Amino acid sequence: MQKYKFGILLAATKDSAFTIGTLLLNILHKMPNQIDVFYIVQDGFCDLDKRIICQSTFT
């Protein structure tokens, strides 16, 4: 099991996918190379939202 030094946990409803995506990008912009992992607990993001969030945070 891999251990991470610094992670962020976010929780969201299906209506806040845009807000979570914006928050992730802002955190990555302000704290590059400091975040090891993001955990997102959500209840109903559509597949497109999930794909966009994953692509934007790992590029």
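Only a predicted model underlies this, so the values are computations on that prediction, with no experimental measurement involved.

K.L.:
So, the overall build of the chain: which residues are in play, and what are the values?
P.N.:
A count of helices and strands for the chain gives two helices and two strands. The linear arrangement of helices and strands in the chain, starting from the amino end, is β-α-β-α. Expected size for 59 residues packed as a compact globule is a radius of gyration near 10 Å; at 12 Å, the chain falls within 12% of this value. Referenced to the eigenvectors of the C-alpha coordinate spread, the extents of the chain come out at roughly 30 × 25 × 15 Å. Here the chain holds 59 residues, and 24% of them are scored as buried. Carbon and sulfur atoms make up 58% of the accessible area of the chain, which amounts to about 4800 Å² in all. Separation between the mean location of the 6 positive side-chain charges and that of the 5 negative ones in the chain comes to 9 Å.

K.L.:
Account for the confidence of the model for the chain, with residues named and values stated.
P.N.:
The predicted model of the chain averages 90 in pLDDT, with 97% of residues at 70 or higher. Between the elements of the chain, mean pLDDT differs from a low of 89, seen in helix α2 (residues 47–57), to a high of 93, seen in strand β1 (residues 7–13).

K.L.:
Describe in detail helix α1 (residues 17–30), supporting the description with residues and values.
P.N.:
For α1, built from 14 residues, the straight-helix expectation of 20 Å at 1.5 Å per residue is met to within 8% by its first-to-last C-alpha distance of 20 Å. Burial in α1 covers these residues: A17, I20, G21, L24 and I27. Along α1, the residues classed as buried sweep out an arc of 130° about the axis, all on the same side. Among the exposed residues of α1, those pointing more than 90 degrees away from its buried face are F18, T19, H29 and K30. For α1, the elements touching its buried residues are β1, β2 (37–43) and α2.

Reading the values: the criteria
Residues numbered from 1 in each chain as written. Predicted model: local features only at pLDDT ≥ 70, side-chain atom pairs only at ≥ 80, totals over all residues. Heavy atoms only, no water. Helix = DSSP H or I, 4+ residues; strand = E, 2+ residues; numbered from the N terminus. Rg over C-alpha atoms; globule rule 2.2 N^0.38 Å. Buried < 20%, exposed > 50% of the residue type's maximum accessible area, 1.4 Å probe, protein only. Areas by Shrake-Rupley, 256 points an atom, 1.4 Å probe, with all protein chains shown as cover. Lys, Arg positive; Asp, Glu negative; His and termini not counted. Charge placed at Lys NZ, Arg CZ, Asp CG, Glu CD. pLDDT = per-residue confidence, 0-100. Expected span 1.5 Å × (residues − 1). Arc of directions from axis to C-beta. Contact = heavy atoms within 4.5 Å.

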